[in-house]
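Architecture and fold: a report
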Amino acid sequence: MNTDPSKTEKWPRQVARIWIMMLLFITCLLYSARTVMPVCAVTMSTQFSWSKRDSGVVMSGFFYGYCLTQVLGGYASDRIGGEKVLLLSSTAWTLVTAITPVSAHLRISPLITMTAARFFMGLFQGIHYPCLTSVCARRVEEGERGFVMSVIGCGSHLGVLFVGGLGSVILEVYSWESVFLIVGVLSALCTFSMWKYLFTDTVAKKASHNGSLSDQHQSAVFWRNLCMKPAVLSMFFTHLCFRAGHYTLLSWLPTFFKEVYPHAKGWVFNMVPWFVAMVSSLLGGSLSSYLIKTGYSIKAVRKFMQFCSMGISSIFLLLLCGNPSFGSAVALVSAVVGLGTFNNSGVMVNVHDLAPSCAGALYGMMNTCSAISGLLVVYFSGYLADVTDSWDSVFCFLIFVNAVGLLVFLVFGDAQRFDLDQKESDISDIGPTIKDLS
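All values reported here derive from a predicted model rather than from experimental measurement.

Counting its secondary structure elements, the protein chain contains 19 helices and zero strands. Within the protein chain, buried positions represent 56% of all 438 residues. In the protein chain, once contacts between residues fewer than 6 apart in sequence are set aside, the share between residues at least 24 apart is 87%. Accessible surface computed for the protein chain: about 19,000 Å², of which carbon and sulfur atoms make up 69%.

Right, dumping it as structure tokens:
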């Protein structure tokens, strides 16, 4: 049995290219399926006579499910191979997407069935990113992980653009059911292609047979010791701060533009920042790989990328407080969102550096906490905007969150591997007991 996941068989270059493209497309369709409901919400609200509160209940159903499976998905991926778990996850949320229009026309209230559909969508999609983290930690060379995660991260922006653009046209010409069905069919085709390649690829097949330290000795002592490391705690905290700000911008930017620039064209501020994000994500990943190859330490590169993501982007957030013109506001928001993608080569991939043997489970813990903190910060930001009657207060609050999170990572962040040290200390802890029994 191979006891070191860092020595599991890496993808050959040709295999890696195919897998990266597959993961890019499935991430794109995952975000498409996730975004369909918000895009169709107004039409569905009219058809089913939903109030804004009813629509809010339906939308929030996703996050309740999303928080439940992060750790489980990561843990399963670390044990049996993320490729297989990812396939099961994709099959499940694809099925949910396809049957959503049917469930709306059952004899049960559409409010109940749509909320349930969103809950199960979040439940199955919550497995996705911990799986990606586990796969990347085991199958991608250390210096290339930032680039790979940045490429795959483009899929999320592409998915938002696809449903926001083409999905809106389909909605106007046909019906909201058609949008769900088209996304469901495309997701099914992509999942089938992934299955076809998965079970014919020798490298992927070996995933479930590559043992890891986590299979044998991941006790409560191991997790306690690992999670008490300052570098791990700082990674957790910075991830929470970044995601909280990211979720807040996703939730409130459309409202900000509609209120401050009521006569502006919606497609401009709904699409331009995400085009910029795709380009900047690739740029950030390429820059990360280049810096590592030219001799900079991984620790320094991770901190530099996070400084761009949370530090430099905060400067553009501050400029938004100056009542800029519509064009300037779109440019500033695009810069904030674009620089935010540098996080893919910073904290998001730092979990691979610190604990590759349990990267999936550890990232699942991080993402669960960040989803909860994101909901709280989104709510507080809305409350702040309502009380102060100013968006400047929201942007200043996000700058503060970014500054605190970034400072903690710059001071305590590291790229040293800790999981092997914890295994040895964990084994030494149980050693005397085993000896006594013998």
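Taking 1.5 Å of rise per residue, the 29 residues of helix α7 (residues 145–173) would be expected to cover 42 Å, and the 42 Å separating its terminal C-alpha atoms lies within 8% of that figure. The largest bend in α7 comes to about 35 degrees, at Gly167.

This paragraph deals with unusual backbone geometry. Backbone geometry at Ser49 places phi at a positive 60 degrees, although glycine is not the residue there. One can find Ser49 in the loop between α1 (13–48) and α2 (52–66). A positive phi angle, close to 55 degrees, is found at Asp389, a residue other than glycine. Its location among the elements puts Asp389 in the loop between α17 (359–388) and α18 (392–412). Judged by relative accessible area, Asp389 falls into the exposed class, the value being 71%.

Let us now look at the environment of Val232. Along the chain, Val232 falls in helix α12 (residues 230–260). With 177 residues separating them along the chain, Val232 and Phe409 place their C-alpha atoms 9.7 Å apart. Apart from residues lying up to four places away in sequence, Val232 is in contact with Leu226, Cys227, Leu354 and Leu362.

Another aspect to go through is the nonpolar core. Membership of the largest hydrophobic core comes to 76 residues, with the highest contact counts inside it found for Met44 and Met235. Top contributing element to this core by residue count: α1, with 16 residues. Beyond its immediate sequence surroundings of up to four residues, Met235 is in contact with Val347, Asn350, Val351, Leu354, Leu362 and Met366. Counting residues in each nonpolar core, the second largest holds 25 residues, with Phe256, Ala277, Leu317 and Val336 among its members.

Turning our eyes to something else, we now look at the pattern of salt bridges. Taken as a whole, this structure holds two salt bridges when the rule is applied. A salt bridge links Glu83 to Arg139, with the shortest nitrogen-to-oxygen separation between them at 3.3 Å. Of this pair, Glu83 sits in helix α4 (residues 82–103) while Arg139 is found in helix α6 (residues 128–139), placing the two residues 56 residues apart along the sequence. For Glu83, a relative accessible area of 3% gives the class buried.

The next thing to look at is the environment of Cys308. Secondary-structure assignment places Cys308 in helix α14 (residues 298–319). As for Cys308 and Gly340, which are separated by 32 residues in sequence, their C-alpha atoms are 7.6 Å apart.

Now for the packing of aromatic side chains. What characterises a pair of aromatic rings is the spacing of the ring centres plus the angle enclosed by the ring planes. A full pass over the atoms with the stated rule returns 19 aromatic pairs. Between Phe62 and Phe63, the aromatic rings sit 5.5 Å apart at their centres with planes inclined by 90 degrees, giving edge-to-face as the arrangement. For Phe62, a relative accessible area of 2% translates into the label buried. Classification of Phe63 as partly exposed rests on a relative accessible area of 30%. Look at Trp176 and Phe180: their rings are 5.7 Å apart centre to centre, the planes differ by 85 degrees, and that puts the pair in the edge-to-face class. Here Trp176 and its partner Phe180 are both found in helix α8 (residues 176–198), four residues apart, which amounts to about one turn of the helix. A relative accessible area of 2% means that Trp176 is categorised as buried. Arg34 extends its terminal NZ or CZ atom over the ring of Tyr31, reaching a point 4.4 Å from the ring centre.

The rules behind the values
- Residues numbered from 1 in each chain as written.
- Predicted model: local features only at pLDDT ≥ 70, side-chain atom pairs only at ≥ 80, totals over all residues.
- Heavy atoms only, no water.
- Helix = DSSP H or I, 4+ residues; strand = E, 2+ residues; numbered from the N terminus.
- Buried < 20%, exposed > 50% of the residue type's maximum accessible area, 1.4 Å probe, protein only.
- Contact = heavy atoms within 4.5 Å.
- Areas by Shrake-Rupley, 256 points an atom, 1.4 Å probe, with all protein chains shown as cover.
- Expected span 1.5 Å × (residues − 1).
- Bend = angle between axes of the 7 residues up to and from the residue.
- Core = buried A, V, L, I, M, F, W, Y, C linked by side-chain atoms within 4.5 Å.
- Salt bridge = Lys/Arg side-chain N within 4 Å of Asp/Glu carboxyl O.
- Phe/Tyr/Trp six-rings, centres within 6.5 Å; stacked < 30°, edge-to-face > 60°.
- Lys NZ or Arg CZ within 6 Å of the ring centre and 35° of its normal.

Structural measurements only, silent on function.
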